Amino acid sequence: MPELPEVEIVCRNLNTILKPPFNIKSWIFFRRDLRFKIPKRALQQIIAVPIFAIKRRAKFILFESETGFFISHLGMTGAWRSEAKDWIRRKHDHVAFEYAPGQFLIYEDPRRFGFIEFIKKSEIEKRFKDFGAEPLASHTDFEVLTALFKKLQAPIKTALMNQKFLVGVGNIYASEILFRAGVSPLKKCSKVTRAQFQKIWHWTQFILKDAIEKGGSTINNYRNSYGETGSYQSKFFVYDLAGETCKNCNSKIKQIMQSGRSTFWCPRCQK
Ligand SMILES: [Zn+2]
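Predicted model only: the values in this text are computed from it and were never measured. (Residues numbered from 1 in each chain as written. Predicted model: local features only at pLDDT ≥ 70, side-chain atom pairs only at ≥ 80, totals over all residues. Heavy atoms only, no water.)

Overview of the sheet that holds strand β7 (residues 93–100)
Ordered in space as β2-β7-β8-β6, the 4 strands form an open sheet in which the pairing is antiparallel. Sheet topology places β2 (26–29) and β6 (79–84) at the edges, where each strand pairs with a single neighbour. The sheet shows a mean angle of 25° between the axes of neighbouring strands, taken without regard to direction. Alignment of β6 against strand β8 (residues 103–108), held across 6 bridges, turns out to be antiparallel. Bridge pairing links alanine 79 to glutamate 108 in β8. (Pairing = 2+ DSSP bridges. Helix = DSSP H or I, 4+ residues; strand = E, 2+ residues; numbered from the N terminus. Axes fitted to C-alpha atoms, helices over the stretch in contact; angles between N-to-C directions.)

This is how it looks when you write it as structure tokens:
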């Protein structure tokens, strides 16, 4: 599933391809039953009005216009790409819009866990009120975040992935961050020390930025908007490496289930 780095890359790709401001000239719908039904009528409201920005918030891509935002979530396998008119349609192309004469941006999503929604300008704050801090934003106060996390009884890995507190970190990057910080994924937040939290926040920023630079991680099928895979998976220390030797201490990497997700860690390096 795309996490912050992969969504950020798609967002940057779309800014390069679409060069806001631009107008949507028309929509084409092939299949509307994604995770939620595509709001056809609402999307007609943003035809022929300038879309002046494409931004990321958490794992969402926001296309901003005077009338409101159309928002894309990539789910597990969503991807946007640009094609000229009369492109050879792929089996899982679900929606497209014309953004320049004869040029289309197409949404492809084999598993259909992604979705598209339309949010009025006046409701955008409400839409994201339950989402936490942006790990790469300069205004994020990590002291406040530490104080918040210290109150939690959940294991640190589960809390890191909870979008209510911190956004954009999913299963892959949570495992990698905790390895680099030397903190056990099973440790309760309340037991994690301030010094450990400082390391966690340091490595959160470092790893997310590094992953963006490496084009993200491609485990199964992540592609950017040019169809390219990422390469950050080659830098993993623990994720998906159960039974392999830890690069740091030579013990075996372990795997367990935590809140329904696989966690990978090195019991010797992570306390
Ligand atoms: Zn180790």
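On we go from here.
As for the environment of alanine 174
Among the secondary structure elements, alanine 174 is positioned in helix α6 (residues 171–181). Taking the relative accessible area as the measure of exposure, alanine 174 reaches 0% and is therefore buried. (Buried < 20%, exposed > 50% of the residue type's maximum accessible area, 1.4 Å probe, protein only.)

Some remarks on the domain arrangement of the protein
How big an interface is tends to be reported as the loss of accessible area on association of its parts. Domain assignment breaks the protein into domain 1 (4–127) and domain 2 (142–265). Relative placement of domain 1 and domain 2: their C-alpha centres are 29 Å apart. In this assembly, 20 residues from domain 1 lie in contact with 18 residues from domain 2. A buried area of about 1,500 Å², summed over both sides, lies between domain 1 and domain 2, and 64% of it is on carbon and sulfur atoms. The largest contributions to the domain 1 side of the interface with domain 2 come from Pro5, Glu6 and Ile9, which together make up 34% of the buried area. Summed over the shared surface of domain 1 and domain 2, the result is 0 salt bridges. Counting residues per element, the side of domain 1 that touches domain 2 draws most heavily on helix α1 (residues 4–18), which supplies 11 residues. Looking at the side of domain 1 that touches domain 2 residue by residue, the class counts come to 10 nonpolar, 4 polar and 6 charged. (Domains from an automatic or database assignment. Contact = heavy atoms within 4.5 Å. Buried area = accessible area lost by both parts, 1.4 Å probe. Salt bridge = Lys/Arg side-chain N within 4 Å of Asp/Glu carboxyl O. Nonpolar A, V, L, I, M, F, W, Y, C, P; charged D, E, K, R; others polar.)

Details of α1
Under the 1.5 Å per step criterion, the end-to-end length of α1 is 21 Å for 15 residues, consistent within 8% with the ideal 21 Å. Within the span of α1, buried status applies to Leu4, Pro5, Glu6, Val7, Glu8, Ile9, Val10, Cys11, Asn13, Leu14, Ile17 and Leu18. (Expected span 1.5 Å × (residues − 1).)

Concerning the coordination of the zinc ion
On the protein side, the zinc ion has Cys246 (SG), Cys249 (SG), Cys266 (SG) and Cys269 (SG) as donor atoms, found 2.2 to 2.4 Å from it. Viewed at the metal, the 4 donor atoms of the zinc ion are separated by angles of 100 to 113°, and the geometry they form is tetrahedral. (Donors = N, O, S within 2.8 Å, 3.2 Å for Na, K, Ca; no water. Tetrahedral: all angles 85-135°; square planar, octahedral: opposite > 155°, others 65-115°.)

Considering the pairing of strand β5 (residues 68–73)
Two faces, one strand: in a regular strand the side chains alternate between the faces of the sheet. In terms of residue burial, β5 counts as a mostly covered element, since 6 of its 6 residues are buried. Burial of β5 is two-sided: the residues Gly68, Phe70 and Ser72 facing one way and the residues Phe69, Ile71 and His73 facing the other way are all buried. Summarising the sheet, strand β4 (residues 60–65) and β5 pair through 5 bridges and their orientation is antiparallel. For isoleucine 61, the partnering residue across the bridge sits in β5 and is serine 72. Between β4 and β5, which pair antiparallel in sequence order, lie 2 residues.

Quick look at the packing of aromatic side chains
Per the counting criterion, the structure on display carries 29 aromatic pairs. Consider the rings of phenylalanine 197 and tryptophan 201, whose centres lie 5.7 Å apart with planes at 20°: the pair is stacked. Of this pair, phenylalanine 197 and tryptophan 201 both sit in helix α7 (residues 194–213), 4 residues apart, which is roughly one turn of that helix. The burial state of phenylalanine 197 is the same as that of tryptophan 201; both residues are buried. (Phe/Tyr/Trp six-rings, centres within 6.5 Å; stacked < 30°, edge-to-face > 60°.)

Overview of the environment of phenylalanine 29
With respect to the helices and strands, the residue phenylalanine 29 is situated in strand β2. Residues phenylalanine 29 and asparagine 220, spaced 191 residues apart in sequence, show a C-alpha to C-alpha distance of 26 Å. Setting aside its immediate chain neighbours within four residues, phenylalanine 29 contacts Ile38, Lys40, Leu43, Gln44, His94 and Val95.

Here we look at the nonpolar core
Ranked by internal contacts, the top residues of the largest apolar core, which has 72 residues, are Phe70, Phe97, Phe149 and Ile200. No fewer than three residues from each of domain 1 (4–127) and domain 2 (142–265) sit in this core. (Core = buried A, V, L, I, M, F, W, Y, C linked by side-chain atoms within 4.5 Å.)

With respect to the pattern of salt bridges
This model, assessed by the stated rule, comprises 16 salt bridges. The shortest N-O distance in the salt bridge between arginine 81 and aspartate 93 comes to 3.0 Å. Linking arginine 81 in strand β6 with aspartate 93 in strand β7, this pair joins segments that are 12 residues apart in sequence. As far as burial versus exposure is concerned, arginine 81 and aspartate 93 are alike and both buried. Across the salt bridge formed by glutamate 117 and arginine 127, the nearest N and O atoms sit 2.7 Å from each other. Note that glutamate 117 is positioned in strand β9 (residues 115–120) and arginine 127 in helix α3 (residues 124–127), a separation of 10 residues in sequence. Salt bridges here are not isolated pairs; linked through shared partners, they connect Glu8, Arg12, Arg56, Arg57 and Glu134.

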